[in-house]
Amino acid sequence: MADAKAWPALLITSGDKLASAYEDLISALLDDFSPTAVQDLTELPLPPGGLWDPTYPAPPEPPPSPLRWRVFFSSADDRDRAERALRAAQPDLEYRAEAISDDDWAARSQRAFTAVTAGDFIVAPPWDIPTSPGNRTVVVIDPSRGFGTGHHASTRLCLRALSETDVTGAQVLDLGTGSGVLAMAATLKGAREVLAIDVDTDAIDSARQSAALNPRVPAIHWLIGDFRDRGWEALSGGPFDTVLANLTGGMLISSAARIRDLIKPEGVLICSGFDEQERPNVEAALGLNVRAAFTEETWVGLLLGGGRGL
Ligand code: SAH
């Protein structure tokens, strides 16, 4: 398709040098440019349940290998700025700007996607909806473009935290909704009103489409924009009882004050998108009581608040 949308991406490789020497630094540098997804192209042995199915044991530690990441950005401008910053900081890595077509992305994604269980929820693509989910709530997601299919640990950690949170009748805000998975999970758990915001127009489009696949999901208010901009929450009935924020450690830290302002004094925050190393800085920046922490490999999800901490 000549006019199919292409995603700005940056391929980062380390030749024959090991990934472990670069991963942390590259992740930290990338944070400043709000990458929308990082795809690790290193071939890993698949566990028996398929890609990242948490109901199966984790695959054994992969052998040390070179770095091979494809990082997606919301604009070619962000990608180019990130490339310049990375080249300056890490000149011994190789960088290639790419445009990944929607078709490639969708086709590749669809092959890999099966239903995933996290806490009280099962996130399922339309072709793998469980027939007997038991007590679990099924959230159907069409994994076309938005991040959040349940195949990333940070989404699962938020779903586990949400499983421990009473959102009955609550006003919920989902910051960086991506596929809309957390917003839908919150409405299915009984939230009264859910506002979901994302800076990526395509993510909101596909989230709307996924919402239509969930007959029990009542209206979610979808908003396109950067949550750091001021003003929209006043029109949207904020502050909120529960705020969901699966972003990055860098963004949680730099926007901590803004995020706190969006939460009612007795409200809670569920956040993820960072690892154990970043966790102390994220907790310190947010300054809210830690009510529960969830981990998967090195990823962390936190349930915070319910009365201000610091
Ligand atoms: N909530 C989903 C998606 C998380 S990915 C899940 O848990 O799986 C993070 C999302 O945040 C992306 O869709 C990205 O476009 C969006 N995002 C990043 N920075 C943002 C900002 N400043 N304002 C609004 N959305 C943002």
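All values derive from a computational prediction rather than experimental measurement. (Residues numbered from 1 in each chain as written. Predicted model: local features only at pLDDT ≥ 70, side-chain atom pairs only at ≥ 80, totals over all residues. Heavy atoms only, no water.)

K.L.:
Would you mind showing me how to read the state of the cysteines here?
P.N.:
Two cysteines whose sulfur atoms are joined by a covalent bond form what is called a disulfide. Evaluated as defined, the whole model comprises 0 disulfides. Of the cysteine sulfurs around Cys-158, a residue in no disulfide, the closest is that of Cys-271, at 7.3 Å. Using a relative accessible area of 1% as the deciding quantity, one classes Cys-158 as buried. Residue Cys-271 is classed as buried on the basis of its relative accessible area, which comes to 0%. (Disulfide = S-S within 2.5 Å. Buried < 20%, exposed > 50% of the residue type's maximum accessible area, 1.4 Å probe, protein only.)

K.L.:
Sorry if this is basic, but what is going on with the sheet that holds strand β2 (residues 37–40) here?
P.N.:
Two strands in a sheet stick together by hydrogen bonds in their backbones, pointing the same way (parallel) or opposite ways (antiparallel). Pairing in this open sheet of 4 strands is antiparallel, and the strands run β2-β3-β1-β4 from one edge to the other. Across the chains shown, the open sheet's two edge strands, defined by having one partner strand only, are β2 and β4 (94–101). Here the average twist between neighbouring strands, direction ignored, is 25°. Sheet topology note: the strand β1 (residues 6–18)/β4 ladder contains 8 bridges and is antiparallel. Its bridge partner being in β4, Ala-9 is matched across the sheet by Glu-98. In the packing of helix α1 (residues 23–31) onto the sheet, the strands contacted are β1, β3 (66–72) and β4, and the crossing angle to β3 comes to about 15°. Strand contacts of helix α2 (residues 76–89): β1 and β4, with the helix running at about 20° to β1, the strand carrying the most contacts. (Pairing = 2+ DSSP bridges. Helix = DSSP H or I, 4+ residues; strand = E, 2+ residues; numbered from the N terminus. Axes fitted to C-alpha atoms, helices over the stretch in contact; angles between N-to-C directions. Contact = heavy atoms within 4.5 Å.)

K.L.:
Even after reading the chapter, I still don't get α1, so can you show me in this structure?
P.N.:
Each α-helix winds once per 3.6 residues, and so residues spaced three or four apart point in a common direction. For α1, every residue scored as buried is listed here: Ile-26, Leu-30 and Asp-31. Angularly, the buried residues of α1 cover 140° about the axis, an arc narrow enough to put them on a single face. Looking at the packing, one finds that the buried side of α1 touches β1, β3, α2, β4 and α8 (249–254). (Arc of directions from axis to C-beta.)

K.L.:
What am I meant to see in the pattern of salt bridges here?
P.N.:
If charged atoms from side chains of opposite charge come close, those side chains can pair. Per the stated rule, a full pass over the model turns up 11 salt bridges. Two residues, Arg-87 and Glu-83, come together in a salt bridge whose shortest N-O distance is 2.9 Å. Here Arg-87 and its partner Glu-83 are both found in helix α2, 4 residues apart, which amounts to about one turn of the helix. Overall, Arg-87 belongs to the partly exposed group, its relative accessible area being 40%. (Salt bridge = Lys/Arg side-chain N within 4 Å of Asp/Glu carboxyl O.)

K.L.:
What is the right way to read unusual backbone geometry from this model?
P.N.:
Peptide bonds are mostly trans, and most non-glycine residues show a negative phi. Despite not being glycine, Ser-34 has its phi angle at roughly 45°, a positive value. Locating Ser-34 in the fold gives a position in the loop between α1 and β2. Even without a glycine there, the phi angle at Glu-297 is positive, about 50°. Within the secondary structure, Glu-297 sits in the loop between β13 (288–296) and β14 (299–308). The class of Glu-297 is exposed, set by a relative accessible area of 54%.

K.L.:
Before we go on, may I ask you to explain the environment of Gly-150 in this structure?
P.N.:
One can find Gly-150 in the loop between β7 (137–140) and α4 (153–163). A sequence separation of 27 residues divides Gly-150 from Val-123, and the C-alpha atoms of the two residues are 5.9 Å apart. Setting aside its immediate chain neighbours within four residues, Gly-150 contacts Val-116, Val-123, Thr-155 and Arg-156.

K.L.:
Please explain helix α5 (residues 181–188) as it appears in this structure.
P.N.:
Most of α5 is tucked away: 8 of the 8 residues are buried. Every buried residue of α5 is listed here: Val-181, Leu-182, Ala-183, Met-184, Ala-185, Ala-186, Thr-187 and Leu-188. Gly-190 occupies a position one or two residues after α5 and carries a positive phi of about 105°.

K.L.:
What exactly am I supposed to notice about the site of the ligand here?
P.N.:
Close contacts around the ligand come from 18 residues, with Thr-155, Gly-176, Asp-198, Asp-226 and Asn-246 the closest. Within the side chain of Asp-226, an N or O atom sits 2.9 Å from a nitrogen atom of the ligand. The side chain of Asn-246 places a nitrogen or oxygen atom 2.8 Å from an oxygen atom of the ligand. For the ligand, whose accessible area on its own is 580 Å², the fraction buried by protein is 94%. When the residues that make up the shell around the ligand are grouped by side-chain class, the tally is 7 nonpolar, 7 polar and 4 charged. (Near = heavy atom within 4 Å. Polar contact = N/O pair within 3.5 Å; in protein donor to acceptor, adjacent residues only side chain to side chain. Areas by Shrake-Rupley, 256 points an atom, 1.4 Å probe, with all protein chains shown as cover. Nonpolar A, V, L, I, M, F, W, Y, C, P; charged D, E, K, R; others polar.)

K.L.:
Can you walk me through the sheet that holds strand β5 (residues 116–118) in this structure?
P.N.:
The 3 strands lie next to each other as β5-β6-β7, forming an open sheet whose pairing is mixed. Each end of this open sheet is capped by a strand with a single partner; those strands are β5 and β7. The average angle at which neighbouring strand axes cross in this sheet is 25°, direction not considered. By the bridge criterion, 4 bridges tie strand β6 (residues 121–124) to β7 in an arrangement that is parallel. Paired with Phe-121 across the strands is Thr-137, a residue of β7. In the packing of α4 onto the sheet, the strands contacted are β5 and β6, and the crossing angle to β5 comes to about 45°.

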